[in-house]
Amino acid sequence: MTFKDLELSEELLRALTERDYKQPTPIQKQAIPYVLMNRDLLGCAQTGTGKTASFVLPMLDILEQGRARMRMPRSLILEPTRELAAQVAENFDLYGKYHNLTKALLIGGVTFNEQDKLLDRGVDVLIATPGRLMDHFERGNVLLNDVKILVIDEADRMLDMGFIPDVDKIVSKIPPMRQTLMFSATMPKEIKKLADRFLSNPKEVTVSPPSATADTVTQQFVKLSTRQKRSALRRILGDDSVRNALIFCNRKRDVSEVLQTLERHGFQAGSLHGDMDQFSRTATLEKFKKDEIKYLVCSDVAARGLDIEAMSHVINFDVPTHAEDYVHRIGRTGRAGRQGHAITFVTSEERKYLDAVQDLAKGSISEIKLDTIQRKEIESKEEKSHQAHRRGHVRSKPEAGETRSEKTNLPPAEAKLIQSNQGAIKKSEQKMSHQQSHEEVVGFGDDIPAFLIPAKKV
Ligand code: AMP
């Protein structure tokens, strides 16, 4: 099936050819015909499946007929995060370049003035986060009486983030004679209930079983102590196979701490979390997209739905406490048919969360096992480092070219293990040579064994 078979306009076909899209993805094949028929739709699709175009494309053609009135948008797309909203807006520009439609993006963290001006002129498409839209509504800047198409995207995330009361209020201001499209990566009972409330006789389309993870992602977990996590992270990121990575932490405080440790060790890293203002978020994302920073430490809220091409790794620094977040996190890699890798760090306290994630992922996360020698190595290194830390002893970093066995005078078995890993160690040492030479190293330093190098295990 081609895009032409979907009966999209010539303008869209031109824009899609320029994007070099050869054929519609499964969600696009299934959803577009129903949207063009003005049916309500409940779509269950993971991020990375082409979900956005499955509603943006038909909406552009539907909205081409008719024009917007001042302060009365003709369609509304609700997104849970600013980044997702901005991404959808970008999609409208890309696919709608040969349409003559107007749009406004209403997100928090930026001033109201510019958004007001756009609303004043009248917009065909309004893309908004629920909070900012409510603010505009309460100021009398926008009326929703003319909305004919409503999209509630990432409904499960709206639920998790507590946005449903706002969404409810917004929906109550839109006339019932409308077309409603609701998308969710996962379909728990609560989402079905919401669908019953917001949708009328919807067509349901599912492109992969609910809560499934993409099979282009290799999934592994490794059991570590809390103290080992940072060193393990640096070790992994030091490997050549890691082109770029998102590193997920459960708490904002950890986002900052992990960022600091990476920066201290010379990694080009940035962070993304909910408390950042919009300007910093956008600037960080831009840098990441341009490869100016390669590692982004982030919280779930900030990273939801990010569409970054060719992301090689997702590292779960913490196991997500909501199993469904795992699906979203690892959905940032292995996109558009590319190979991706997801590695999850698990402490003994986090095992229960891992069990829930395994249930959801149907046990597809394999363990990277430490053998006895490796475990001893880690334990002794960790203990030595911990003692040095307690004594206030500051360990110097290895000089460039110096091998680990020379430095530590390890017994043969351990030295052999580490030797096999010398290439990666060298790379890490090169990175470290940028730093001051007398910096404290915690955990088991950079002596993380080969088992943590994903390219060798996958
Ligand atoms: P989404 O699931 O909407 O986040 O889309 C994931 C990625 O797939 C985005 O980078 C899109 O630009 C890309 N994409 C969407 N539809 C197609 C298609 N039919 N062919 C190739 N790439 C696509």
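Residues numbered from 1 in each chain as written. Predicted model: local features only at pLDDT ≥ 70, side-chain atom pairs only at ≥ 80, totals over all residues. Heavy atoms only, no water.

Trainee: Give me the site of the ligand: which residues, what numbers.
Mentor: Near the ligand, the surroundings consist of 16 residues, among which Tyr21, Gln28, Gly50, Thr52 and Asp307 are the closest. Contact distances for the ligand include 2.4 Å between an oxygen atom and a side-chain N or O atom of Tyr21. In the environment of the ligand, an oxygen atom lies 2.8 Å from a nitrogen or oxygen atom belonging to the backbone of Gly50. Protein chains shield 82% of the accessible area of the ligand, which is 500 Å² for the free molecule. A class-by-class count of the residues in the shell around the ligand yields four nonpolar, eight polar and four charged. (Near = heavy atom within 4 Å. Polar contact = N/O pair within 3.5 Å; in protein donor to acceptor, adjacent residues only side chain to side chain. Areas by Shrake-Rupley, 256 points an atom, 1.4 Å probe, with all protein chains shown as cover. Nonpolar A, V, L, I, M, F, W, Y, C, P; charged D, E, K, R; others polar.)

Trainee: Explain unusual backbone geometry to me, using residue names and the numbers behind them.
Mentor: Residues other than glycine seldom take positive phi values, yet Asp20 does so here, at roughly 65 degrees. In this structure, Asp20 sits in the loop between helix H1 (10–18) and helix H2 (26–36). Not every positive phi belongs to a glycine, and Asn201 is a case in point at roughly 45 degrees. Within the fold, Asn201 resides in the loop between helix H9 (189–198) and strand S7 (203–206). (Helix = DSSP H or I, 4+ residues; strand = E, 2+ residues; numbered from the N terminus.)

Trainee: Before we move on, can you summarise the pattern of salt bridges with the specific residues and values?
Mentor: All chains considered together, the criterion is met by 24 salt bridges. Note that Lys169 is salt-bridged to Asp166, the shortest N-O span being 4.0 Å. Of this pair, Lys169 and Asp166 both sit in helix H8 (residues 164–172), separated by three residues, roughly a single helical turn. Notably, a salt bridge pairs Lys223 with Glu367, separated by 3.7 Å at the nearest N-O pair. (Salt bridge = Lys/Arg side-chain N within 4 Å of Asp/Glu carboxyl O.)

Trainee: Can you tell me about the state of the cysteines, naming the residues and giving the values?
Mentor: This model, assessed by the stated rule, comprises zero disulfides. No disulfide involves Cys249; its sulfur sits 7.7 Å from the nearest other cysteine sulfur, which is in Cys298. Under the relative-accessibility criterion, Cys249 is labelled buried at 0%. We classify Cys298 as buried; its relative accessible area is 0%. (Disulfide = S-S within 2.5 Å. Buried < 20%, exposed > 50% of the residue type's maximum accessible area, 1.4 Å probe, protein only.)

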